[in-house]
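Architecture at a glance
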Amino acid sequence: MSLFRTTIICQEWVELVTDYLEGTLPRRTMRAIDRHLRGCPHCTEYLAQMRRTIEITGSIPTDQDVPDELIERLLRAFGEQLPGEL
Amino acid sequence: MSPARENALVDRLCAGDGAAFTEVVRAYNGSLVRLASSFVPSRAVAEEVVQETWMAVIKGLPRFERRSTLKTWITGILVNIAKTRGAKERRTVPLATLAGDGPSVDPDRFSGPPGHGAWSDPPAHWSDLPAEAVVSAETFALVEETVELLPENQRWVVMLRDVEGWSSPDVCDLLGISEANQRVLLHRARSVLRGVLEQRLGGRA
């Protein structure tokens, strides 16, 4: 599918949404998309869902616990690199 | 971590400050283990890869030129070790691996010319659900499990871009892929995740 579009329909939009969010679409296509979104609540919802998906994916917490014995072992190795060598 | 704080830490690291090193390990270990897990078969192996990474960081610090952030540099080391290890130890492929190369949304949900239809079965509404309904342990688990099932290239791109927050150029450098290729992989991964979240949160059958 050419990325230079003057009109966009829903099934095309769902394939363009990542390029849209990355900002890599030609300006004419961006305008065609914005026109479509203004008139299509479903595609607007799709974009909102995609943004929310990215937000959720980016919020997954990590396990913050680091075993003490790992810290000790690594500190020993770190200390063996004499300050002079660093 | 702010660039200023990180720079100060690097200064202290290069001066042999053990407390600074401990701070760095505690700050980054969790996300390194998580990232390593997307390359290797098990968490146990992921933890080994991360330990190897820390040892390589210690040895490599004298040569760290601060052209990238400390975290990017450390993660780059990790990905290289993890990829090598992952290539040697075959990851258990789950039975239901997602093929991940079809259309982003089931074509049956559109009507009109094939590939150019309008919604006939539109997205179930969930984007405006309150945070408590959406941001939960269950939702995180669902996203993590789904990422596990993605083909590896899509999994790595979405882990680095969306889970870890790396920039597009950094991901391309690290994985040795073009920006265009990276966008395709990211698009496929995100489409799957959105679909899975819509099923769970939008009450679709």
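Here goes a summary of the coordinates provided. Model, not experiment: these values are computed from the prediction. (Residues numbered from 1 in each chain as written. Chains lettered and ligands numbered in written order. Predicted model: local features only at pLDDT ≥ 70, side-chain atom pairs only at ≥ 80, totals over all residues. Heavy atoms only, no water.)

1. Points about the overall build of chain B
Put simply, the rule is: Secondary structure is summarised from DSSP: a helix means a run of H or I of at least four residues, a strand means a run of E of at least two, and numbering begins at the N terminus for each. The cut-offs for exposure are 20% and 50% of the maximum accessible area for each residue type, with area from a 1.4 Å probe on protein chains only; residues under the lower value are buried, those over the upper are exposed, and the others partly exposed. Contact criterion: two residues are considered in contact whenever any of their non-hydrogen atoms come within 4.5 Å of each other. To be clear on the numbers: accessible area is Shrake-Rupley with a 1.4 Å probe, and residue cover counts the displayed protein chains and nothing else. The charged-residue count follows a simple rule in which Lys and Arg add positive charge and Asp and Glu add negative charge, with His and chain termini not counted at all. Working definition for charges: the position is that of NZ of Lys, CZ of Arg, CG of Asp or CD of Glu.
The helix and strand tally for chain B stands at nine helices and two strands. In chain B, the order of α-helices and β-strands from amino to carboxyl end is α-α-α-α-β-β-α-α-α-α-α. Along the three orthogonal principal directions, the C-alpha set of chain B runs to about 65 × 40 × 30 Å. Going through the 205 residues of chain B one by one, you find that 48% of them count as buried. Within chain B, contacts between residues separated by at least 24 positions form 66% of all contacts whose residues are at least 6 apart in sequence. As presented, chain B carries roughly 9,700 Å² of accessible surface, and 53% of it is formed by carbon and sulfur atoms. Charge centroids of chain B, computed over 24 positive and 26 negative side chains, lie 4 Å from each other.

2. Focus: the nonpolar core
Soluble globular proteins tend to bury their nonpolar side chains together. The test is simple: We call a set of buried Ala, Val, Leu, Ile, Met, Phe, Trp, Tyr and Cys residues a nonpolar core when their side-chain atoms join them within 4.5 Å.
Ranked by internal contacts, the top residues of the largest apolar core, which has 63 residues, are Trp54, Leu70 and Ile74 of chain B. By residue number, the principal contributor to this core is helix α2 (residues 18–37) of chain B, which donates nine residues. Every residue in contact with Leu70 of chain B, bar those within four places of it in the chain, is listed here: Glu6, Val10, Leu13, Val24, Tyr28 and Phe64 of chain B. Listed in part, the 19 residues of the second largest apolar core include Ile8, Trp13, Val14 and Leu37 of chain A.

3. A closer look at helix α4 (residues 70–88) of chain B
All names here are of chain B. For clarity, the threshold we go by: How far a helix is expected to stretch is found by multiplying one less than its residue total by 1.5 Å.
Relative to the 27 Å expected for 19 residues at 1.5 Å per residue, α4 spans 28 Å between its end C-alpha atoms, a close match to the ideal helical length. Taken as a whole, α4 has its buried residues at Leu70, Trp73, Ile74, Thr75, Gly76, Ile77, Leu78, Val79, Ile81, Ala82, Arg85 and Gly86. Contacts from the buried residues of α4 go to α1 (3–14), α2, α3 (43–60) and α8 (168–175).

4. What to know about the side chain of Ser104 of chain B
This is how it is decided: Two N or O atoms count as a polar contact when they lie within 3.5 Å, although within protein this holds only if one can serve as hydrogen donor and the other as acceptor, and sequence-adjacent residues are included solely when both atoms are side-chain atoms.
Here Ser104 of chain B shows up in the loop between α4 and β1 (110–111). Within polar-contact distance, the side chain of Ser104 of chain B engages the side chain of Glu15 of chain A at 2.7 Å. Separated by 2.9 Å, the side chains of Ser104 of chain B and His187 of chain B make a polar contact. Once residues within four sequence positions are removed from consideration, Ser104 of chain B is found in contact with Val14, Glu15 and Tyr46 of chain A together with His187 and Ser191 of chain B.

5. Some points on the pattern of salt bridges
Condition: Within this document, salt bridges are pairs made up of a side-chain nitrogen of Lys or Arg and a carboxyl oxygen of Asp or Glu, the two lying within 4 Å of each other.
Inspection of every chain in the model, using the stated rule, returns 20 salt bridges over all chains. Note that Arg43 of chain B and Asp63 of chain A form a salt bridge whose closest N and O atoms lie 3.6 Å from each other. Note that Arg43 of chain B is positioned in helix α3 and Asp63 of chain A in the loop between α3 (41–57) and α4 (68–80), a pairing that runs across two chains. Owing to a relative accessible area of 44%, Arg43 of chain B belongs among the partly exposed residues under this scheme. Looking at Asp63 of chain A, the relative accessible area reads 41%, which means it is partly exposed. Linking Arg12 of chain B and Glu23 of chain B is a salt bridge whose minimum nitrogen-to-oxygen distance equals 3.8 Å.

6. A short note on unusual backbone geometry
Residue and element names in this part refer to chain B. The backbone phi angle of Arg66 is positive, close to 60°, even though this residue is not glycine. Considering the arrangement of structural elements, one finds Arg66 in the loop between α3 and α4. Exposure remark for Arg66: the relative accessible area of 34% places this residue in the partly exposed category.

7. Thoughts on the packing of helix α1 (residues 10–22) of chain A against α3 of chain A
Residues and elements named next belong to chain A. Put simply, the test is: A fitted line through C-alpha atoms represents every axis, and for helices the fit uses only the stretch in contact; the resulting angles, taken between N-to-C directions, go from 0 to 180 degrees. Handedness of a crossing follows from how the near helix is turned relative to the far one, being left-handed for an anticlockwise turn of less than a right angle and right-handed for a clockwise one. Asp, Glu, Lys and Arg are counted as charged, while Ala, Val, Leu, Ile, Met, Phe, Trp, Tyr, Cys and Pro are counted as nonpolar; the rest, among them Gly, fall into the polar class.
Close contact between α1 and α3 brings their axes to 10 Å; oriented N to C, the two are set at 35°. You can see that α1 and α3 cross each other, and the crossing is right-handed. Taking contact as the criterion, the partners of Cys10, Trp13, Val14, Val17, Tyr20 and Leu21 in α1 are, on α3, Cys43, Tyr46, Leu47, Met50, Arg51 and Ile54. Here the contact of α1 with α3 is composed, by residue class, of 11 nonpolar, no polar and one charged.

8. Brief notes about the packing of aromatic side chains
The condition that has to hold: Centres within 6.5 Å are what make two rings of Phe, Tyr or Trp a pair, Trp counting through its six-membered ring; a difference in plane orientation under 30 degrees is then read as stacked, over 60 as edge-to-face, and the rest as tilted.
Within the structure shown, the criterion is met by seven aromatic pairs over all chains. On the basis of an interplanar angle of 25° and a centroid distance of 4.6 Å, the ring pair of Phe39 of chain B and Trp156 of chain B is categorised as stacked. Pair noted here: Phe39 of chain B is in the loop between α2 and α3 and Trp156 of chain B is in helix α7 (residues 152–163), with a separation of 117 residues, a long-range link. With relative accessibility at 8%, the residue Trp156 of chain B sits in the buried group. Among the aromatic residues, those joined into a cluster by ring pairs are Tyr46 of chain A together with Phe110 and Trp119 of chain B.

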